[in-house]
Amino acid sequence: AVFDRSVSPAFTQTVLKAKTSVDLQLIEIDATFKPGTPLHFAVTITPSSAPGTVVFLDGTTSISNAVPVSNGKANFTTSSLSSGTHFISARYSGDANFNPASSDQLKVKVK
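The structure presented is a predicted model; accordingly, all values stated were derived computationally and were not measured.

Rules behind the numbers
Residues numbered from 1 in each chain as written. Predicted model: local features only at pLDDT ≥ 70, side-chain atom pairs only at ≥ 80, totals over all residues. Heavy atoms only, no water. 1 Å grid on protein atoms, 1.4 Å probe; cavity = no way out; pocket = protein on both sides within 12 Å on 5 of 7 lines; lining within 4 Å. Points joined across faces, edges and corners; volume = space filled by probe spheres on them. Nonpolar A, V, L, I, M, F, W, Y, C, P; charged D, E, K, R; others polar. Helix = DSSP H or I, 4+ residues; strand = E, 2+ residues; numbered from the N terminus. Buried < 20%, exposed > 50% of the residue type's maximum accessible area, 1.4 Å probe, protein only. Polar contact = N/O pair within 3.5 Å; in protein donor to acceptor, adjacent residues only side chain to side chain. Core = buried A, V, L, I, M, F, W, Y, C linked by side-chain atoms within 4.5 Å.

Peer 1: Help me understand empty space enclosed by the protein in this model?
Peer 2: Over the atoms, a rolling probe the size of a water molecule traces out where space has been left empty. According to the stated counting rule, one finds one cavity of 30 Å³ or more in the structure shown. Here the largest cavity is characterised by a volume of approximately 30 Å³. Classifying every residue of the lining of the largest cavity by side-chain character gives five nonpolar, four polar and one charged.

Peer 1: I tried to follow the side chain of Ser64 on my own but got confused; where do I start?
Peer 2: Mapped onto the elements, Ser64 comes out in the loop between β4 (61–62) and β5 (67–68). When its relative accessible area of 11% is taken as the criterion, Ser64 is described as buried. A distance of 2.9 Å separates the side chain of Ser64 from the backbone nitrogen of Phe56, its partner in a polar contact.

Peer 1: Hey, could you run me through unusual backbone geometry in this one?
Peer 2: Glycine aside, residues mostly have negative phi, and peptide bonds are mostly found in the trans state. A cis amide bond links Thr46 to the next residue, Pro47, at an omega of 5°. Positive phi outside glycine occurs at Asn71, with the angle close to 55°. Structurally, the position occupied by Asn71 is in the loop between β5 and β6 (73–78). Note on Asn71: relative accessible area 67%, which makes it exposed.

Peer 1: Would you take a moment to explain the nonpolar core for this structure?
Peer 2: A general tendency of soluble globular proteins is for nonpolar side chains to be buried together. If you look at the biggest cluster of nonpolar residues, it comprises 22 residues, and the most contacted ones within it are Phe41, Val43, Ile45, Val54, Phe56 and Tyr92. Every element with two or more residues in this core is listed here: β1 (21–26), β2 (39–46), β3 (53–58), β6, β7 (84–92) and β9 (106–110). Counting residues per element, this core draws most heavily on β2, which supplies four residues.

Right, here's the structure in full:
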């Protein structure tokens, strides 16, 4: 009853996507790989709450379909690597709240 109504000016708040990281590992006991040998790759996405998918690459060529991330983890197995040196990496897709990210490349020699 004593004060007049007032309206504050608009306030702009920018919310940025969360940073993510991708850790790629080759899960093998034997370091000697021959063509046709199944190779098992595992990724850990940080933060583990980040949903989405991961694609595994040999250089710039995709060697997997989109693999769903569950609790910050995704796995992929391939036996299609030919003889030679391969540079395997994983690319996380990101989403509306998390930035995409890529792992470092793993150098894999198939003899």
